[in-house]
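Listed here are the chains, written in short residue letters.
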Protein chains: 2
Amino acid sequence: MSKKIKIIPLGGLEEVGKNCIAIEYSKDIIVIDLGVGFPSFELPGVKWLLPSIDYLQKNKKKIKALLITHGHLDHIGGVPYLWKKIGKPPVYATELTIAMLRDRLQEKKIYGVKFFQISPKQKFRLGANFTITPFHVVHNIPESVGFVIKTPIGKLVHTGDWKFDKDPADQPPVDKKFLKKIGDSNVLALLSDSTNAEVPGKTLPEKEVGNTIDSIVSQAKGRVIFTSFSSLISRIHQVFDICKKHKRKVAIAGFSIIQTVELVKKLNYFDIPKGLLINLKDIHNYSDQDILIIASGTQGEPNSTMTRIAKQEHEKISVKPNDTIVFSSSAIPGNELLIQKVMDCLIDQGADIIYKPVLGAGVHSSGHACREELREMIDLVRPKFFIPIEGGNRMLAEHIKIAQSQGIDKKRCFLLNNGETIQMSQNKVTLLKKKNLTPLIVSGGKVKTLKRNIIKERLEIARSGVCIINQKSSQKIEILFLGLFVEDAIIKQAAKKAKKLLKSHGKNKKGRREIKKRFGDYLLSKIGKKPIILVF
Amino acid sequence: MSKKIKIIPLGGLEEVGKNCIAIEYSKDIIVIDLGVGFPSFELPGVKWLLPSIDYLQKNKKKIKALLITHGHLDHIGGVPYLWKKIGKPPVYATELTIAMLRDRLQEKKIYGVKFFQISPKQKFRLGANFTITPFHVVHNIPESVGFVIKTPIGKLVHTGDWKFDKDPADQPPVDKKFLKKIGDSNVLALLSDSTNAEVPGKTLPEKEVGNTIDSIVSQAKGRVIFTSFSSLISRIHQVFDICKKHKRKVAIAGFSIIQTVELVKKLNYFDIPKGLLINLKDIHNYSDQDILIIASGTQGEPNSTMTRIAKQEHEKISVKPNDTIVFSSSAIPGNELLIQKVMDCLIDQGADIIYKPVLGAGVHSSGHACREELREMIDLVRPKFFIPIEGGNRMLAEHIKIAQSQGIDKKRCFLLNNGETIQMSQNKVTLLKKKNLTPLIVSGGKVKTLKRNIIKERLEIARSGVCIINQKSSQKIEILFLGLFVEDAIIKQAAKKAKKLLKSHGKNKKGRREIKKRFGDYLLSKIGKKPIILVF
């Protein structure tokens, strides 16, 4: 039997989020990333989406390691929920990533994970068949890596989330020479981040973002309220430096930012000069020009600090007309309206908002390579086969167009779905039949199978409301409406109508069906809605 | 008593959509536009948002006319619902706008509207105090106008939705000389469209969009499926011309596009050569290269043609691997995820998608002026006072920054909320106390007051589900779950638990409260959810 590599995407394709890819050779499997996905408004009551781990559960014994590329939730968030279920594999990651994952595990009271700390260019073996060389990539969280995975039949390169920032803030740029050398040695397949495959040009260097923020802070006449992603440690570091330079005190607001600053202190990530950081409750002891507040809540999340400030519900911060509010962030797709609402409320209170679209073009840089960078990566690595990962089909398809324009034949590019396994020998690639995947979610703190019919029912009751007819006795009928506004006069009339219907049709199965139908039509004519009707 | 103008925005500020502004002088009121707003996922079960008409209802008798700038729903959609309530004023609009509004009115069976057809530069008087001069503007629907409103104390300019397209497809460009002349004659206030105040540069000329589509169609190896906004008649006209040139037959799919083509024929809007338009069911009689389908559904709407094609549910169209699918459109904020899902499904079936972000940058042009155009409008009109309209606060604030950079003092720029009346004499402006507005919606075909607590309840039941405990007799208990997945074993156990709770606490008010609390905790521990609990 000739040996083959299988590449099994279990999450992060057809979508942005819940990244997870398994790579199998003979009796060895390695898993790269185990993230969560962010459910949209179409999935009410769902906290997280999880990768589908059917295949990993069936092949637990083969799993030699879980490798993590970096500490973002869409790469580590699934570990607390799924690590036990896939056979408790050892976890390989960089120091910061381990620290962040430890926090997540502790939160969920998961103990016993065996960690191996890895560093760029420090090779290690896994099982009988894999040699892994992590390599440093720049991303919007420090200590991100990609992996060169050497197997008996060739090398794979998995980029993780990356960009070629020529001037990053507190880390070196990506070592392109190293990638070129890897490329010289014949790469069988490249798996590369497609998030920004639709965005022309190159990402803005992080140091330039710093310069823009510096000029905003130096010109601000009042306080600066600054919000960014809490794991964007390089950005937060730059803001601390800028405040030091302009003699502003820094106060922090919001759990996730506080957590980041704690981590920075614990790992000695950067130096926070004494006296620079003040307690949020003390901001009123300083004049406005001497204050910058770093707050969490870039996405308009309902209970975040920025949202509470916008709604005038924050206990310590209320907007002043001279405030400059900087959104050093971008919208996660689906959050556009929430963010706009928050910004609109802040403007209404007289603040000046600086954010990406216009003047603020310089206040944020994405963590993901844009088209010119993606092109260069393909040129450096020159793989035989190309598999775009991390993105909806639209992004994956664009990424393949880029690869084609760099000379990789379309036949050697693969737009995979989750569960679609690709099997490679040195010269041949076979697409195996798509595996059935069980869609998993976290809801109420528990891992559950996503039931589409339940979600449909939830959306339906939200759209139409519920009406309950409860017959207490043959004479007494109670009608209750959920999610519906019905005037008292109509409620009384409706009770009479229901009593009549119950009398004529009875409460057996057929009778109930008839009552529901007729009462539904009645309500439609009276209140313009046909809710879900329950008869007791 | 010195006379003053009141400008009363009733919709379209703090938001995109449901445009409506009233202008009052002495005993005369004119109303400009009466549109609908598009509810987001935060308002389940709501069909449309409507402008708040409290003030118009109170002052019905003063209303001399409803002026409509153009035929988009966010400008005409409220008329069928509100026209009677505001005293049935006569409606002034251009021919096409009237035709479109007539269709809407007929749909809702509203008769008796008195229409006055207007034309650019044809002055007319309204009441004792207003002289109106409509002027042609370019927008993504033909026959759009703005208004110069002459009053005894000065001129107002209301732009409607506009852009300075230097090369529009089937209409002349905006007459800048006319605007300059108006500007020369002292304009008291300019009210200008802010939708794209965050977008740098200028809009792409519509003819260039046509050229791009031409080259896509000429290069397409198989069928072309083309989707755009159904009211974008110029674009549809261009597509017909392109198909004629390249000898492709045109088939149309989807109610709204069919309606547009009917209207085009009825008004003789442009010539459709004989034999060019074929029946959708006949597409299979032609080879793929000879077919272009214009389909509706740019926004991923659940039952639209494009969505049904994507879901493989369309009875006449299924994707073929050589299809080129062109989205000649942009996302209405809030629809991004729905659109992406549709595109992803189409790609999955092997289609090549061309849309805005990357290669498709040329396949759509917005109907709203971008920053450079907004700047030029302000320079031409040179108003004393500036009131940005049509946009969320963020856009309005950006528009004011543009006005300032063109020399209009910040004190003479007004960022208004809906209901915030501005009162102007020749030299003085007063901001009146904000009026209380009743938020109106359409739900179940009826105009209703938006009840925030009902919406909150709907979202809550969608998130948490509902559990109903029904005590049929002292021994028999039925438990029912809505929007929750609960295994049979747990349902049985839960019934026992409920029976016990009912026995100990009874069903009076206090007892029920106690049962709800305890049973909620019980469910939380068992299924990880605390639903809304009802006890009968």
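Refer to the structure above for everything that follows.
Residues numbered from 1 in each chain as written. Chains lettered and ligands numbered in written order. Predicted model: local features only at pLDDT ≥ 70, side-chain atom pairs only at ≥ 80, totals over all residues. Heavy atoms only, no water.

1. Remarks on the overall build of chain A
- When helices and strands are counted, chain A shows 15 helices and 26 strands.
- Seen through its principal axes, chain A has C-alpha atoms that stretch 85 × 75 × 45 Å.
- Residues counted as buried form 59% of the 536 residues belonging to chain A.
- Counting contacts in chain A only where the partners sit at least 6 residues apart, residues at least 24 apart contribute 70% of the total. (Helix = DSSP H or I, 4+ residues; strand = E, 2+ residues; numbered from the N terminus. Buried < 20%, exposed > 50% of the residue type's maximum accessible area, 1.4 Å probe, protein only. Contact = heavy atoms within 4.5 Å.)

2. Thoughts on the relation of the copies chain B and chain A
- Note on the copies: chain B fits chain A at an RMSD of 0.1 Å, the axial shift is 0.1 Å, and the rotation between them is 180°. As the rotation angle and translation indicate, the two copies are arranged about a two-fold axis. Distance from the rotation axis, computed per C-alpha, reaches its smallest value in chain B at B:Ala462: 2.7 Å.
- An overlap of 100% is found between the interface residues of chain B and their copies at the interface of chain A, pointing to a shared contact surface. (Least-squares fit on C-alpha atoms with pLDDT ≥ 70 in both.)

3. Focus on the side chain of B:Glu24
Residues and elements named next belong to chain B.
- Mapped onto the elements, Glu 24 comes out in strand 2 (residues 20-25).
- Taking relative accessible area as the criterion, Glu 24 reaches 5% and is therefore assigned buried.
- Side-chain polar atoms of Glu 24 contact the side chain of Tyr 55, separated by 2.4 Å.
- Among residues more than four places away in sequence, those in contact with Glu 24 are Lys 4, Ile 5, Lys 6, Ile 8, Ile 29, Tyr 55, Lys 62 and Phe 130. (Polar contact = N/O pair within 3.5 Å; in protein donor to acceptor, adjacent residues only side chain to side chain.)

4. Examining the sheet that holds strand 15 (residues 277-278) of chain B
Residues and elements named next belong to chain B.
- Strands sit in the order 15-14-16-13-17-18 across an open sheet of six strands; the sheet is parallel. Only two strands of the sheet have a single neighbouring strand rather than two, namely strand 15 and strand 18 (352-354).
- Its contacts with the sheet put helix 7 (residues 233-245) on strand 13 (224-228), strand 14 (249-253), strand 15, strand 16 (291-295) and strand 17 (324-328), and the angle it makes with strand 16 is roughly 170°. (Pairing = 2+ DSSP bridges. Axes fitted to C-alpha atoms, helices over the stretch in contact; angles between N-to-C directions.)

5. What to know about the interface of chain B and chain A
- Between chain B and chain A, the contact holds 67 residues from the first and 68 residues from the second.
- When the two sides are added together, the surface that chain B and chain A hide from each other amounts to roughly 5,800 Å², 60% of it contributed by carbon and sulfur.
- On the chain B side of the interface with chain A, the three residues burying the most area are B:Phe41, B:Arg394 and B:Phe536, jointly 12% of the side's total.
- Inspection of the chain B/chain A interface yields four salt bridges.
- Inspection of the region where chain B meets chain A yields 26 residue pairs in polar contact (both at pLDDT 80 or more).
- At nine residues, helix 10 (residues 336-348) of chain B tops the list of elements feeding residues into the side of chain B that touches chain A. (Buried area = accessible area lost by both parts, 1.4 Å probe. Salt bridge = Lys/Arg side-chain N within 4 Å of Asp/Glu carboxyl O.)

6. Considerations on the environment of A:Arg382
All names here are of chain A.
- Relative to the helices and strands, Arg 382 resides in the loop between helix 11 (371-381) and strand 19 (383-389).
- According to the relative accessible area criterion, Arg 382 is partly exposed, its value standing at 38%.
- With 193 residues separating them along the chain, Arg 382 and Ala 189 place their C-alpha atoms 8.7 Å apart.
- If we skip the residues at most four places from it in the chain, Arg 382 touches Lys 180, Gly 183, Asp 184 and Val 187.

7. Brief notes about the sheet that holds strand 19 of chain A
Residue and element names in this part refer to chain A.
- What the six strands build is an open sheet, ordered 8-9-10-11-12-19; its pairing is mixed. The strands lining the two open edges of the sheet, one partner per strand, are strand 8 (124-126) and strand 19. When strand polarity is set aside, the average angle formed by the axes of neighbouring strands in this sheet is 25°.
- Relative to strand 11 (residues 154-158), strand 10 (residues 144-151) is paired through five bridges, and the arrangement is antiparallel. Pairing of Phe 147 across the sheet is with His 158, part of strand 11.
- Packing of helix 12 (residues 393-405) onto the sheet brings it into contact with strand 12 (187-193) and strand 19, and relative to strand 19 it is tilted by some 155°.

8. Examining the pairing of strand 16 of chain B
Residues and elements named next belong to chain B.
- Summarising burial for strand 16: five of the five residues are buried, a large majority.
- A two-sided burial pattern is seen for strand 16, the buried positions comprising Ile 291, Ile 293 and Ala 295 on one face and Leu 292 and Ile 294 on the other.
- Where strand 13 meets strand 16, four bridges bridge the pair, whose relative direction is parallel. Bridging across to strand 16, Thr 227 finds its partner in Ala 295.
- Sheet topology places strand 14 next to strand 16; five bridges connect them, and they run parallel. Residue pairing in the sheet places Val 250 in a bridge with Leu 292 of strand 16.

9. With respect to the side chain of B:His399
- Relative to the helices and strands, B:His399 resides in helix 12 (residues 393-405).
- Setting aside its immediate chain neighbours within four residues, B:His399 contacts B:Ser192, B:Asp193, B:Ser194, B:Ala197, B:Leu374, B:Ile378, B:Phe386 and B:Pro388.

10. Side note on the pattern of salt bridges
- In the structure shown here, the tally under the stated rule is 52 salt bridges over all chains.
- When the shortest N-O distance is used, the salt bridge between A:Glu107 and A:Arg104 registers 3.2 Å. With a gap of three residues between them, A:Glu107 and A:Arg104 both fall in helix 4 (residues 95-107), about one helical turn apart.
- Residue classification places A:Glu107 among the partly exposed positions, given a relative accessible area of 43%.
- In this structure, A:Lys207 and A:Asp167 form a salt bridge, with 3.7 Å as the shortest nitrogen-oxygen distance. Taken together, the residues A:Lys207 in helix 6 (residues 206-219) and A:Asp167 in the loop between strand 11 and helix 5 (176-184) connect sequence positions 40 residues apart.
- Here A:Lys207 falls in the partly exposed class, since its relative accessible area comes to 35%.
- For A:Asp167, a relative accessible area of 33% puts it in the partly exposed group.
- Among the charged side chains, a network of salt bridges with common partners joins A:Asp352, B:Arg371, B:Glu398 and B:Lys401.

11. Digging into the environment of A:Gly520
Residues and elements named next belong to chain A.
- The topology assignment puts Gly 520 in helix 15 (residues 509-527).
- Judged by its relative accessible area of 1%, Gly 520 falls in the buried class.
- Along the sequence, Gly 520 and Val 261 sit 259 residues apart, while their C-alpha atoms lie 56 Å from each other.
- Those residues in contact with Gly 520 that lie beyond four places of it in its chain are Ile 515, Lys 529, Lys 530 and Ile 533.

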